[in-house]
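Observations on chain architecture
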Amino acid sequence: MTTPGVRVLAALTTAAALLLAGCGSPSGGGTPDPAGELTVALQFPPRADYAFDADDGKLLSFLGVGETLTTVDDEAAAAPGLATGWEQDGDSWRFTLRPGVEFHDGTPLTPEAVVTALRYVAGVEAPPRSIRDIGFEIEADGADAVRISTTEPDPVMPLRMSSGNLAILAPAAYAAGDAPDYLRSGTGPLVLETVNGVESAELTRFDGYWGEPAGAARVTVRYVEDPQARALAVQAGDVQFAEGLPAAQLEQVRSAGAEVVEYEGARTVPLQLNQSRAPFDDVRVRRAVTEAIDRPVLAGQVLAGSAQPAADLFGPAVPWGATEPPAGADVERARALLAEAGYGPENPLTVQLWTFPNRPELPTIANAVQAMLGEAGIRVEITVGNYEAQEPEVLAGNYDMFLNSRSYLSDFPDAASTLTSDYTCAGSYAIDQYCSPAYDALVDRLNGTVDPAQRRQLFAEAAGMLDTDAVGVMLVHPLNTAVLRGATGFTPDPLQVRPVLPQLIPAG
């Protein structure tokens with residue numbers, strides 16, 4: 001009989017042999033050591049104690065602790081996770097559960113466990129956007145399946161179930177009736193053993209994992225918000241993996257022997273324009289801003305090639321995004337549009353631009369935008385502040401321009417979520433205060449569209465409408481960065497759905 005520990009060792013030995021033989025696609029150098037430990041520096045700490053109903057819920061999936069019924073493949077299509085198959089029947093979907101899955105506390109994955117977990121997150125005051133306002137209900141359906149129903153037939157339920165906010169924890173995690181206990185209660189390849197607030201966390205390999213085992217026996221996570229501190233930690237050898245380093249720090253870590261991986265991501269930096277009041281309630285002013293900003297210069301020079309110029313909301317990270325770069329600035333056209341709107345030397349336009357420093361490229365972009373708009377005759381006053389304080393103000397329409405950074409597949413890997421929440425008249429994250437019945441009607445067609453190709457066509461049409469209406473300016477798509485020194489095995493995931501930590505293997 002083969003014990004779980006022996007199975008793990010055999011699998012890791014095979015993986016290490018493949019890496020040494022060059023048969024895999026590892027990054028980083030050195031000899032893989034699956035028995036070793038890693039320390040990593042992550043960019044974003046938990047903001048709400050890993051709460052599933054907040055963005056923190058995804059962090060458990062990123063760490064490789066919590067798992068969902070489905071995941072996604074490279075084409076952003078649903079793929080098996082804790083469920084191995086699914087089928088739609090009218091307004092419900094039946095998900096067949098993977099056999100032989102155990103939680104970290106040793107209890108088995110059952111339909112009742114899935115029902116407990118998803119009923120909890122669906123019942124909180126503000127459920128995740130992936131299942132909000134759809135009449136979500138779930139029940140066990142036989143010995144190996146659950147059935148999820150909605151008010152109306154839902155074409156993308158398998159994609160919704162890949163949201164990191166919908167990870168399944170052991171029933172004991174919910175026993176207290178309060179927020180679930182996330183320690184030693186997931187099903188993923190890593191066990192979350194301890195946490196130290198927003199400072200750090202300790203994880204160990206789960207020897208009973210149903211799939212590919214984690215690459216390291218133990219992982220220490222340090223949450224380091226300062227990008228310079230992350231770079232210094234790599235240089236000093238204090239951490240073997242770090243993410244989110246800005247361009248200015250890349251050469252210094254390369255010079256220390258680290259490998260830098262840059263890859264596309266489903267993220268856009270939009271300059272959002274408040275259309276609920278002057279001056280951006282006038283489309284001529286919004287178009288003037290668009291014409292005045294040189295997006296290729298922002299990406300290639302201001303950000304030193306660490307981003308791609310954005311021609312639409314989506315960009316090349318997804319199959320439906322624009323791949324051709326936008327045109328450069330046309331300052332004379334911008335001035336003409338401003339004159340048509342009544343602004344010029346006799347009536348100069350001054351606006352406020354807010355942004356935040358959590359994404360280190362944003363203040364740099366803000367300064368460049370200020371200079372470019374100044375050439376067109378728009379005076380910009382910049383405020384760099386705390387996002388948590390700015391968000392309620394911008395959502396209420398109490399701002400002029402807001403430089404944001406948006407992961408457009410953050411709710412689940414289907415663009416309908418962001419197209420709805422950010423740009424429909426009743427959207428929950430409608431910072432631009434945009435409201436177009438024609439746009440809403442277009443997005444509403446997604447509710448009855450199942451075919452992936454047709455959905456992608458509608459995504460592209462919606463993005464084109466946003467561009468035509470000058471709903472903000474999509475500036476750049478930042479490249480993601482990962483840095484390895486003393487680790488290997490990292491594979492870029494532009495959709496940022498698959499967990500990162502389990503794939504990392506210590507390398508001496």
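Residues numbered from 1 in each chain as written. Predicted model: local features only at pLDDT ≥ 70, side-chain atom pairs only at ≥ 80, totals over all residues. Heavy atoms only, no water.

Within the chain, the regular secondary structure consists of 14 helices and 22 strands. Taking 23 Å as the expected radius of gyration for a compact globule of 508 residues, we find that the chain reaches 24 Å, a close match to that expectation. Projecting the C-alpha coordinates of the chain onto the three principal axes gives extents of approximately 85 × 55 × 40 Å. Expressed as a percentage of the 508 residues in the chain, the buried residues total 52%. Counting contacts in the chain only where the partners sit at least 6 residues apart, residues at least 24 apart contribute 69% of the total. Looking at the chain as shown, the accessible area adds up to about 20,300 Å², and 50% of this sits on carbon and sulfur atoms. Within the chain, the 67 negative side-chain charges are centred at a point lying 2 Å from the centre of the 32 positive side-chain charges. (Helix = DSSP H or I, 4+ residues; strand = E, 2+ residues; numbered from the N terminus. Rg over C-alpha atoms; globule rule 2.2 N^0.38 Å. Buried < 20%, exposed > 50% of the residue type's maximum accessible area, 1.4 Å probe, protein only. Contact = heavy atoms within 4.5 Å. Areas by Shrake-Rupley, 256 points an atom, 1.4 Å probe, with all protein chains shown as cover. Lys, Arg positive; Asp, Glu negative; His and termini not counted. Charge placed at Lys NZ, Arg CZ, Asp CG, Glu CD.)

Glancing now at the sheet that holds strand β20 (residues 480–484). Spatial ordering of the open sheet is given by β8-β9-β10-β1-β11-β20-β12, a layout of seven strands whose pairing is mixed. In this open sheet, the two edge strands, each paired with only one partner strand, are β8 (190–196) and β12 (259–263). Each neighbouring strand pair of the sheet contributes to a mean axis angle of 20°, computed without reference to strand direction. Bridge count between strand β1 (residues 37–42) and strand β11 (residues 241–243): two bridges; the pairing is parallel. Within the sheet, the bridge partner assigned to Val40 lies in β11 and is Phe241. Each of β1, β8, β9 (200–205), β10 (218–223) and β11 touches helix α2 (residues 56–63); the most contacted strand, β10, lies at about 145° to it. (Pairing = 2+ DSSP bridges. Axes fitted to C-alpha atoms, helices over the stretch in contact; angles between N-to-C directions.)

For the chain, mean pLDDT is 91; residues scoring 70 or higher make up 94% of the total. Predicted confidence for residues 1–27 stays below pLDDT 50, and this span has 36 contacts to residues more than four positions away or in other chains. (pLDDT = per-residue confidence, 0-100.)

This paragraph deals with helix α8 (residues 295–302). By the burial criterion, the buried members of α8 are Arg295, Leu298 and Ala299. In an axial view of α8, the angular spread of the buried residues amounts to 90°, which keeps them on one side of the axis. As for α8, its buried residues are in contact with α7 (283–292), β14 (307–309), α10 (361–376) and β19 (473–478). Put simply, Asp294 is the residue that caps the front of α8, since its side-chain oxygen is 3.2 Å from the backbone nitrogen of Val297. Following α8 by one or two positions, Ala304 has its phi on the positive side, about 55°. (Arc of directions from axis to C-beta. Polar contact = N/O pair within 3.5 Å; in protein donor to acceptor, adjacent residues only side chain to side chain.)

Two strands in a sheet stick together by hydrogen bonds in their backbones, pointing the same way (parallel) or opposite ways (antiparallel). Reading across the sheet, the four strands line up as β4-β5-β7-β6 and stay open at both edges, with antiparallel pairing between neighbours. Lying at the two open borders of the sheet, with one neighbouring strand each, are β4 (83–89) and β6 (137–140). Neighbour-to-neighbour, the strand axes of the sheet open up by a mean angle of 20°, direction not taken into account. Strand direction decides the pairing type here: strand β5 (residues 92–97) and strand β7 (residues 145–149), joined by five bridges, are antiparallel. What sits directly across from Trp93, in β7, is Ile148.

Moving on to the side chain of Arg406. For Arg406, the position within the fold is in strand β18 (residues 406–407). Ignoring anything within four residues of it in the chain, the contact list for Arg406 reads Ala266, Arg267, Thr268, Pro270, Thr418, Ser421, Asp422 and Tyr429.

Turning our attention to the packing of α7 against helix α9 (residues 331–340). The axes of two packed helices give the description: the angle between them and the distance between them. In the contact formed by α7 and α9, the axes pass within 8 Å of each other and the chain directions differ by 165°. Classed by the angle they form, the pair α7 and α9 counts as roughly antiparallel. In the packing of α7 onto α9, the handedness of the crossing is left-handed. Residues Arg284, Val285, Arg287, Ala288, Glu291 and Ala292 of α7 pack against Val331, Arg333, Ala334, Leu337, Leu338 and Glu340 of α9. (Parallel < 35°, antiparallel > 145°, perpendicular 65-115°, else oblique. Left-handed = near helix turned anticlockwise from the far one by under 90°.)

Bringing the pairing of strand β16 (residues 378–384) into the picture now. Across a regular strand the side chains alternate sides, sitting on one face of the sheet and then on the other. Here seven bridges tie strand β15 (residues 349–355) to β16, and the two strands are oriented parallel to one another. The residue of β16 that forms the bridge with Val351 is Val380. The parallel pair β15 and β16, bridged by α10, forms a crossover whose chirality is right-handed. (Right-handed = clockwise from strand over helix to strand, strands pointing away.)

Using the criterion set out here, one finds 17 salt bridges in the structure. Arg94 is paired through a salt bridge with Asp144; the nearest N and O atoms lie 3.8 Å apart. Taken together, the residues Arg94 in strand β5 and Asp144 in the loop between β6 and β7 connect sequence positions 50 residues apart. For Asp144, a relative accessible area of 37% puts it in the partly exposed group. Members of the salt-bridge network, linked through shared partners, are Arg94, Asp141, Asp144 and Arg147. (Salt bridge = Lys/Arg side-chain N within 4 Å of Asp/Glu carboxyl O.)

Mapped onto the secondary structure, Asp400 falls in the loop between α11 (387–395) and β17 (401–403). Through-space distance from the C-alpha of Asp400 to that of Leu273 is 6.1 Å; in sequence the pair is 127 residues apart. The residues contacting Asp400, other than those within four sequence positions of it, are Gln272, Leu273, Asn274, Arg277, Phe280, Val351 and Gln352. A distance of 3.1 Å separates a polar atom in the side chain of Asp400 from a polar atom in the side chain of Arg277.

Turning our eyes to something else, we now look at the side chain of Asp56. Structurally, Asp56 is set in helix α2. Buried Asp56, no salt bridge; nearest opposite-charge side chain is Arg47, N-O distance 6.3 Å. Look past the residues within four positions of Asp56 in its chain and what remains in contact with it is Pro45, Pro46, Arg47, Ala48, Asp49, Tyr50 and Ala51.

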